[in-house]
Amino acid sequence: MSNPVSKRVKGNKFALLLSYCGVGYFGLQKNKNVRTIESDLFDAMLKIGIITQKEYDRPQDMYFQRAARTDKGVSALRQILSCRLPKDFPEKIDLINSHLVPQIRLIAAKRATRYFDSKNFCDYRTYAYMMPSYALCRIDETVNLDFRATRDHITSFNKILSRYLGTHNYHNFTSQRAATDASSQRYIMSIECSDPFVRDDLEFVIVRVRGQSFMLHQIRKMMGLALGIQRGFTTESSFDRAFDLHRIDIPVAPGLGLMLEEVHYDKYNNRFGGDEIHEPLVWDEYSDTLRKFADEFIYPVIVNTEKQELSMIKWLQLLPIHSFDIRGDGPPSLPLSCELHQPEKLSTEPASESSEPPLKKEKRERTLYMDACLKGGVLEVRSKAQDSTPEEQSSTELSAEYREVIENSDAACKDSELQKESSIN
């Protein structure tokens, strides 16, 4: 890739406001051999000569930092990046955007202090998780696209969510973190589920959570446990086990509706925002632009993808295979509700037990568990987007469908390992 700039000119440290829809991207952080948000942004900046090839290859040379890493498929409305750039950089924003796809937009840039770091100077972050309201229905209610949440659904779910407030040990809500690791302690300042609203005939709710920092998959697992309790597959006693030292089985909710909504710099703004040299890092003047971007490129993608792929419905169908209890070796243990409906005889013996790889055995057993639940009537799905219910399909088709869901889930977990542990999901 050609670059008209051969030598870096002296620049200033800037805070950049970036908005993007993460669907179709392998997260924010630049990684080799995969498409990421930063890769597209750096490509555009290199092409028009704002950064050098050396800075493209080694972003740390321009003191580059992001406020929060976002995982595969996760969007951001107010992501903040910091780096040293030419003094006239703000004048080049429109030119940069002309080389970006519409779902990525550099909104603004503000001059920051010399040692400003968008990650380490951040006081707290606000995330939003947008999901269909039928995720809140209880185990004795039918999941379908016509579901409408009542005030009781919202109130009971907010009561469950309130258990996250304060400081807790979240080692069970991420991977590769020990219970005794001090970094597993995280502080949640607020978390609340909104009133339901309808978009394109499908009702949604948004859960907003504000905390100092988050680990990989933390929010998605927080949603997974809360929804498991709301649905009736476990009780609030699971919180005590989750915050304890033992490793327990907690499902990871779909990443589709997760977005970084805002990054907060209260201490920085109080100290430098009024020094007549640096601007406070608030972006109220861009509220209309940000709202328009969300309405055009984030919310519609979440709605349309959910209606086409039914990711939340498929995930809800997998909830019965999770025990929400202390994990042992092998696949998740089957909850009591599924055990009661299992066929009397369910053979899980492989053709050659001694030669079957453990991972393959685990997938096969999980698939058999799902078929047992489905045949026993534990899971039921009715959707306007489907011509028939799962009960009307053959057992072979059911096995194939859920084997695909499980394999996609496993693939997503393997993909995430390519990214380092981070400030989020």
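The model shown is predicted, which means the values in this text are computed figures rather than measured ones.

Reading the values: the criteria
- Residues numbered from 1 in each chain as written.
- Predicted model: local features only at pLDDT ≥ 70, side-chain atom pairs only at ≥ 80, totals over all residues.
- Heavy atoms only, no water.
- Helix = DSSP H or I, 4+ residues; strand = E, 2+ residues; numbered from the N terminus.
- Buried < 20%, exposed > 50% of the residue type's maximum accessible area, 1.4 Å probe, protein only.
- Contact = heavy atoms within 4.5 Å.
- Areas by Shrake-Rupley, 256 points an atom, 1.4 Å probe, with all protein chains shown as cover.
- Pairing = 2+ DSSP bridges.
- Polar contact = N/O pair within 3.5 Å; in protein donor to acceptor, adjacent residues only side chain to side chain.
- Axes fitted to C-alpha atoms, helices over the stretch in contact; angles between N-to-C directions.
- Parallel < 35°, antiparallel > 145°, perpendicular 65-115°, else oblique.
- Left-handed = near helix turned anticlockwise from the far one by under 90°.
- Nonpolar A, V, L, I, M, F, W, Y, C, P; charged D, E, K, R; others polar.
- 1 Å grid on protein atoms, 1.4 Å probe; cavity = no way out; pocket = protein on both sides within 12 Å on 5 of 7 lines; lining within 4 Å.
- Points joined across faces, edges and corners; volume = space filled by probe spheres on them.
- pLDDT = per-residue confidence, 0-100.
- Salt bridge = Lys/Arg side-chain N within 4 Å of Asp/Glu carboxyl O.
- Core = buried A, V, L, I, M, F, W, Y, C linked by side-chain atoms within 4.5 Å.

## Notes on the overall build of the chain
Within the chain, the regular secondary structure consists of 12 helices and 10 strands. Looking at the chain residue by residue over its 425 residues, the buried ones come to 54%. Looking at the chain alone, contacts between residues at least 24 apart form 76% of all its contacts between residues at least 6 apart. With the model as given, the accessible surface of the chain reaches about 19600 Å², and the carbon-plus-sulfur share is 47%.

## Notes on the pairing of strand S3 (residues 75-86)
Counting buried residues in S3 gives 11 out of 12 residues, a clear majority hidden from the surface. The pairing of strand S1 (residues 11-20) with S3 spans 9 bridges and is antiparallel. Looking across to S3, one finds that Asn12 is bridged to Leu85. Note that strand S2 (residues 65-66) and S3 share 2 bridges and pair antiparallel. Of the residues in S3, the one forming a bridge with Gln65 is Ser82. In terms of strand pairing, S3 meets strand S10 (residues 258-264) through 2 bridges, oriented parallel. Bridged to Ser75 within S10 is Met259.

## Quick look at the environment of Asn172
Relative to the helices and strands, Asn172 resides in the loop between strand S6 (166-169) and strand S7 (185-193). Classification of Asn172 as buried rests on a relative accessible area of 0%. Once the C-alpha coordinates of Asn172 and Ser184 are considered, the two residues, 12 residues apart in sequence, prove to be 8.8 Å apart. Sequence-distant contacts of Asn172, that is, excluding residues within four places in its chain, are made with Lys221, Arg241, Ala242, Asp244, His246, Arg247, Ile248 and Ile250. Within the structure, Asn172 has its side chain in polar contact with the backbone oxygen of Ala242 (distance 2.9 Å).

## Let's talk about the packing of helix H4 (residues 151-161) against helix H5 (residues 218-231)
Running from N to C, H4 and H5 point in directions that differ by 130°, and their axes come no closer than 10 Å. The angle between H4 and H5 places the two elements in the oblique class. Both H4 and H5 take part in a crossing whose hand is right-handed. Contact residues: His153, Ser156, Phe157, Ile160 and Leu161 in H4; Met223, Ala226, Leu227, Ile229 and Gln230 in H5. The residue inventory of the contact of H4 with H5, partitioned by class, reads 7 nonpolar, 3 polar and no charged.

## Some words on empty space enclosed by the protein
Going through the model one piece at a time under the given rule, you end up with 2 cavities of 30 Å³ or more. In this model, the second largest cavity occupies a volume close to 50 Å³. Lining the second largest cavity, in full, are Tyr129, Met130, Met131, Pro132, Pro254, Leu256, Gly257, Ile302, Glu306, Ser311 and Met312. Those elements that place two or more of their residues in the lining of the second largest cavity are strand S5 (124-132), helix H8 (287-309) and helix H9 (311-318). Take the lining of the second largest cavity: its biggest share by element is 4 residues, from S5.

## Points about the confidence of the model for the chain
Scored by pLDDT, the chain comes out at a mean of 83, with 75% of its residues at no less than 70. Long-range and interchain partners of residues 333-354, a stretch whose pLDDT sits below 50, account for 32 contacts in this model, where long-range means more than four residues apart.

## Focus on the pattern of salt bridges
Evaluated as defined, the whole model comprises 16 salt bridges. Here Arg151 makes a salt bridge to Asp195, at a shortest N to O gap of 2.7 Å. Of this pair, Arg151 sits in helix H4 while Asp195 sits in the loop between S7 and strand S8 (197-199), and the two are 44 residues apart along the sequence. On the accessibility criterion, Arg151 (51% relative accessible area) is exposed. Asp295 is the salt-bridge partner of Arg199, the closest N and O atoms lying 3.4 Å from each other. Of this pair, Arg199 sits in strand S8 while Asp295 sits in helix H8, and the two are 96 residues apart along the sequence. Since its relative accessible area comes to 36%, Asp295 is described here as partly exposed. Salt bridges sharing partners connect three or more residues here, namely Lys159, Arg163, Glu236 and Asp240.

## Points about the pairing of strand S4 (residues 104-111)
Counting buried residues in S4 gives 6 out of 8 residues, a clear majority hidden from the surface. Here 7 bridges tie S1 to S4, and the two strands are oriented antiparallel to one another. Bridge assignment links Leu16 to a residue of S4, and that residue is Ala109.

## Some thoughts on the layout of surface pockets
In this structure, the second largest pocket spans a volume of roughly 220 Å³. For the second largest pocket, the full set of lining residues is Gln29, Lys30, Asn31, Lys32, Glu38, Asp57, Pro59, Phe64 and Arg66.

## Observations concerning the side chain of Asn97
Looking at the element boundaries, Asn97 is found in helix H3 (residues 93-97). Once residues within four sequence positions are removed from consideration, Asn97 is found in contact with Ile104, Arg105 and Leu106.

## Quick notes on the side chain of Ser39
Relative to the assigned elements, Ser39 resides in helix H1 (residues 37-47). Take Ser39: its relative accessible area is 10%, and that puts it in the buried class. A polar atom in the side chain of Ser39 sits 2.8 Å from the side chain of Thr36. Apart from the residues within four sequence positions on either side, Ser39 is in contact with Lys30, Asn31 and Val34.

## Details of the nonpolar core
Across soluble globular proteins, nonpolar side chains show a tendency to be buried alongside one another. Leu85, Phe89, Ile96, Met131 and Tyr164 are the most contacted members of the largest nonpolar core, which has 110 residues in total. With residues near it in sequence (within four places) discarded, Ile96 still touches Leu41, Ala44, Met45, Ile48, Ile50, Phe89 and Leu106.

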